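A look at the structure
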Amino acid sequence: MKVGLVGLPTVGKTTFFNLLTNAKVETSAFQSGKINANFSLARVPDERVDFLAEVYKPKKVTYAQIEVIDIPGLVSGASEGKGSGNQFLDNIRKVDCLVHIVRAFSDESILHPEGSIDVIRDIENIGMELLLADLQLVETRIERIDAGKKITKELTAEREVLQKLRESLENEIGLSDIELSEEEQRIIEHLDFLTVKPVIIVINVDEQQLAEGYESREKILNYCKEKNLPAFEVSAKAEAEISELDEQDRAVFMKELNIKESGIDLLARAIYEKLNLISFLTAGEDEVKAWTITRGTNAKAAAGKIHSDIERGFIRAEVINFKDFKECGNMVKARELGKLRLEGKEYIIQDGDIINFRFNG
Ligand SMILES: Nc1nc2c(ncn2[C@@H]2O[C@H](COP(=O)(O)OP(=O)(O)OP(=O)(O)O)[C@@H](O)[C@H]2O)c(=O)[nH]1
Ligand SMILES: [Mg+2]
């Protein structure tokens, strides 16, 4: 799973990126004129994996991972070359989800490109820049088709869909709000548009705002709710500083600053919810591992996530949900108490299922 961080310059994208991935990338890239993207992996915290690792003491423990891509800041007018332009958006065309960082913190020593703090304005401006980037892509593609010598049936069909998109985008309607048939969607899939991607809003607040709230808070959260944008607050800088401390001090400061859940916990939950994902687990002496699947996946398809041989030779899945496992404490006890179920290939995997696949190898 991949996510791309977007936002205006100096809102804290790289600070948040470092926090998520434990990377140590230099911040304030905009000011120094750097336009490279940063790539790293974030580990999805999972207390079920922790617990299973304690029980099995395996050679290897594998948490779910999120690939995070941090790009330079977009300014209003980026599509016309303002700021660092928008070419770097190509780095995030393949992501599953966009994470938009907006600045609520009011540190006067840090320049805001618009000269004032206004979260809703910034959400809309970035949305507009993404839309204009998609419009550019549509126009470039139409030009290319028109300039080509070959006029195939496929290209004619694609041009028709692109024309439809162009009209909507010119009227400021993003692709996720355009009704397209499955066939039309298939035709434009290869273009990796940005405004079809789910968006999560991360509001970067300072310590005081986190502890005491702030004036526009309710308005911002209501706005996000209305627009169907999942949103949560982090104090990226404060949390990054705390994460340098040892575990005991960290807990004290988290409490003091009113940080109930860490940024990665909040982000992972938002992503799983928005993308309709769940985890199942496998556990043994060799490895304890969390696997990410779409809600509604059946046992046979889930087996295929591990290995195509297991899917092909699927016999049954031996299943116990983590909650039951935790109560039993270990697998021997769970078996004794008859808590393990044998499920067939059509069984729909539930979040937190611990599964042992039986298959003909
Ligand atoms: N006061 C305060 N400063 C912050 C906060 N988050 C980030 N900063 C500071 O803001 C500056 C910019 O942070 P970055 O993380 O580089 O921001 P960015 O969005 O990656 O910026 P560009 O890559 O330049 O677009 C740095 O000096 C950070 O320390 C915050 O919550 N409060
Ligand atoms: Mg940055």
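Everything numeric in this text was worked out from a predicted model, so none of it was measured.

**Describing the pattern of salt bridges**
- What the rule picks out here adds up to 19 salt bridges.
- Among the salt bridges present, the one from Lys164 reaches Glu184, with a minimum N-O distance of 3.3 Å. Highlighted residues: Lys164 in helix 5 (residues 153-170) and Glu184 in helix 6 (residues 182-188), separated in sequence by 20 residues.
- Ionic pairing is found between Glu261 and Arg269, a salt bridge with its closest N-O pair at 2.7 Å.
- Taking relative accessible area as the criterion, Glu261 reaches 31% and is therefore assigned partly exposed.
- For Arg269, a relative accessible area of 42% gives the class partly exposed.
- Among the ionic contacts, a cluster of salt bridges with common partners joins Asp46, Arg48 and Asp351.

**Brief notes about the UniProt feature "coiled-coil region" (unreviewed entry) in the protein**
- Under the feature "coiled-coil region" (unreviewed entry), the UniProt entry names residues 152-186.
- Split by type, residues 152-186 is 66% helix and 0% strand. Its first and last C-alpha atoms lie 17 Å apart.

**A look at the side chain of Arg103**
- Summarising the element assignment, Arg103 is placed in strand 5 (residues 97-103).
- We note that Arg103 is buried and unpaired, the nearest opposite charge coming from Asp107 at a distance of 5.9 Å.
- Only 2.9 Å separates the side chain of Arg103 from the backbone oxygen of Phe105, close enough to count as a polar contact.
- Polar side-chain contacts of Arg103 include one of 2.9 Å to the backbone oxygen of Asp107.
- Those residues within four positions of Arg103 in sequence are excluded, and the remaining contacts are Thr10, Val11, Ile110, Leu111, His112, Ile117, Val119 and Asn204.

What counts, and where the lines are drawn
- Residues numbered from 1 in each chain as written.
- Chains lettered and ligands numbered in written order.
- Predicted model: local features only at pLDDT ≥ 70, side-chain atom pairs only at ≥ 80, totals over all residues.
- Heavy atoms only, no water.
- Salt bridge = Lys/Arg side-chain N within 4 Å of Asp/Glu carboxyl O.
- Helix = DSSP H or I, 4+ residues; strand = E, 2+ residues; numbered from the N terminus.
- Buried < 20%, exposed > 50% of the residue type's maximum accessible area, 1.4 Å probe, protein only.
- UniProt positions renumbered as here; feature names shortened; annotations may be inferred.
- Lys, Arg positive; Asp, Glu negative; His and termini not counted.
- Polar contact = N/O pair within 3.5 Å; in protein donor to acceptor, adjacent residues only side chain to side chain.
- Contact = heavy atoms within 4.5 Å.

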